[in-house]
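# Understanding the architecture of this molecule
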Amino acid sequence: SSFGLEPWKFVVMSSQSQKLALQAACFQQPQVGTASVVIVVLAKLAEMDPDSEYLRRLIAREYPGDALEAALKNYRNFHAETDIKAWSEHQCHIAAANMMTAAAGIDIDSCAIGGFEPQEIQRILGIDPNNMQPSLILAFGYCAQAPGEKLRLPLSELVEYR
């Protein structure tokens, strides 16, 4: 992650009742209720504050000794100029993509769920919206049936070479 801050938390849910509660908050997408494991990826918000103990501890890990104050100043400037909520969520998507790629490497199927009711997810998990927000929900398991053909745009519509 940027700055090495790991602005995420992963809540792994495997009980059927938990998955069904999440499914209801995900517009009844069936992958959520039928997956072996569902991971709710949470973006940290409060801990990304320049004055938080969490942030200071992680920056000190990357920039020990005399480098710490300069790194904190750099982060403080970054924080002032950045939508930290959006930045933290984007960082979570990087971690989620790596999880999904790793799962595919060992033949575990996954599905990223971006359609959900954030307030309902926060209620289900008992999360203070000032501290964390749901970023993405990942369903992991094995498909019960062969997936259909994926429809993709041609590269010529997606990639521009200059």
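Look a little higher up for the structure.
Let me sum up the structure you'll find in this document.

Reading guide: rules and limits
- Residues numbered from 1 in each chain as written.
- Predicted model: local features only at pLDDT ≥ 70, side-chain atom pairs only at ≥ 80, totals over all residues.
- Heavy atoms only, no water.
- Pairing = 2+ DSSP bridges.
- Helix = DSSP H or I, 4+ residues; strand = E, 2+ residues; numbered from the N terminus.
- Axes fitted to C-alpha atoms, helices over the stretch in contact; angles between N-to-C directions.
- Contact = heavy atoms within 4.5 Å.
- Buried < 20%, exposed > 50% of the residue type's maximum accessible area, 1.4 Å probe, protein only.
- Phe/Tyr/Trp six-rings, centres within 6.5 Å; stacked < 30°, edge-to-face > 60°.
- Parallel < 35°, antiparallel > 145°, perpendicular 65-115°, else oblique.
- Left-handed = near helix turned anticlockwise from the far one by under 90°.
- Nonpolar A, V, L, I, M, F, W, Y, C, P; charged D, E, K, R; others polar.
- Disulfide = S-S within 2.5 Å.

Sheet architecture is open: 4 strands sit in the order β1-β2-β4-β3, paired in antiparallel fashion. Both outer strands of the open sheet, β1 (8-13) and β3 (109-113), are each paired with one neighbouring strand and no more. Averaged over all neighbouring strand pairs, the angle between strand axes comes to 25 degrees, with direction disregarded. By the bridge criterion, 6 bridges tie β1 to strand β2 (residues 37-44) in an arrangement that is antiparallel. When the sheet's bridge partners are listed, Met13 is paired in β2 with Val38. Along the sheet, helix α5 (residues 84-105) makes contact with β1, β2, β3 and β4 (132-141), crossing β4 at roughly 10 degrees. In the packing of helix α6 (residues 118-125) onto the sheet, the strands contacted are β1, β2 and β4, and the crossing angle to β4 comes to about 80 degrees.

Take unusual backbone geometry next. Excluding glycine, residues mostly carry a negative phi; peptide bonds, for their part, are mostly trans. In this structure, Gln28 is a non-glycine residue whose phi angle is positive, near 60 degrees. Look at Gln28 and you get partly exposed, because its relative accessible area is 48%. With a phi angle near 65 degrees, Asp107 is a residue other than glycine that sits in the positive phi range. Within the secondary structure, Asp107 sits in the loop between α5 and β3.

Most of β2 is tucked away, with 7 of its 8 residues classed as buried. Across 8 bridges, β2 lies against β4 in antiparallel orientation. When the bridges of β4 are listed, Val41 appears paired with Leu136.

One pass over the full model with this rule turns up 5 aromatic pairs. Between Phe3 and Tyr75 the ring centres are 5.3 Å apart and the planes differ by 90 degrees, which places this aromatic pair in the edge-to-face class. Highlighted residues: Phe3 in the segment before β1 and Tyr75 in helix α4 (residues 67-81), separated in sequence by 72 residues. Aromatic pair Tyr75 and Phe78: ring centres 5.9 Å apart, planes at 45 degrees, arrangement tilted. In this pair, Tyr75 and Phe78 are both assigned in helix α4, 3 residues apart and thus about one turn of the helix distant. Three or more aromatic residues joined by ring pairs make a cluster, and in this case those are Phe3, Tyr75, Phe78 and Trp87.

With that settled, consider the packing of helix α1 (residues 16-25) against α6. Between α1 and α6, the least distance of the axes is 9 Å, while the angle of their chain directions is 160 degrees. The angle between α1 and α6 falls in the class roughly antiparallel. The way α1 lies across α6 gives a crossing that is right-handed. For the pair α1 and α6, the contacting residues are Ala21, Leu22 and Ala25 in the first and Glu120, Ile121 and Ile124 in the second. By residue class, the composition of the contact of α1 with α6 is 5 nonpolar, no polar and 1 charged.

Applying the stated criterion across every chain, the model contains 0 disulfides. Unpaired in terms of disulfides, Cys111 finds its nearest cysteine sulfur in Cys143, a separation of 8.8 Å. What makes Cys111 partly exposed here is its relative accessible area of 22%.

Another aspect to go through is the packing of helix α3 (residues 53-62) against α4. Where α3 contacts α4, the axes come no closer than 10 Å and their chain directions differ by 125 degrees. Taken together, the axes of α3 and α4 lie oblique to each other. α4 is crossed by α3, and the crossing has right-handed handedness. Mapping the contact onto sequence places Leu55, Arg56, Ile59 and Ala60 in α3 and Leu68, Glu69, Ala71, Leu72 and Tyr75 in α4.

That is the geometry; function is a separate question.
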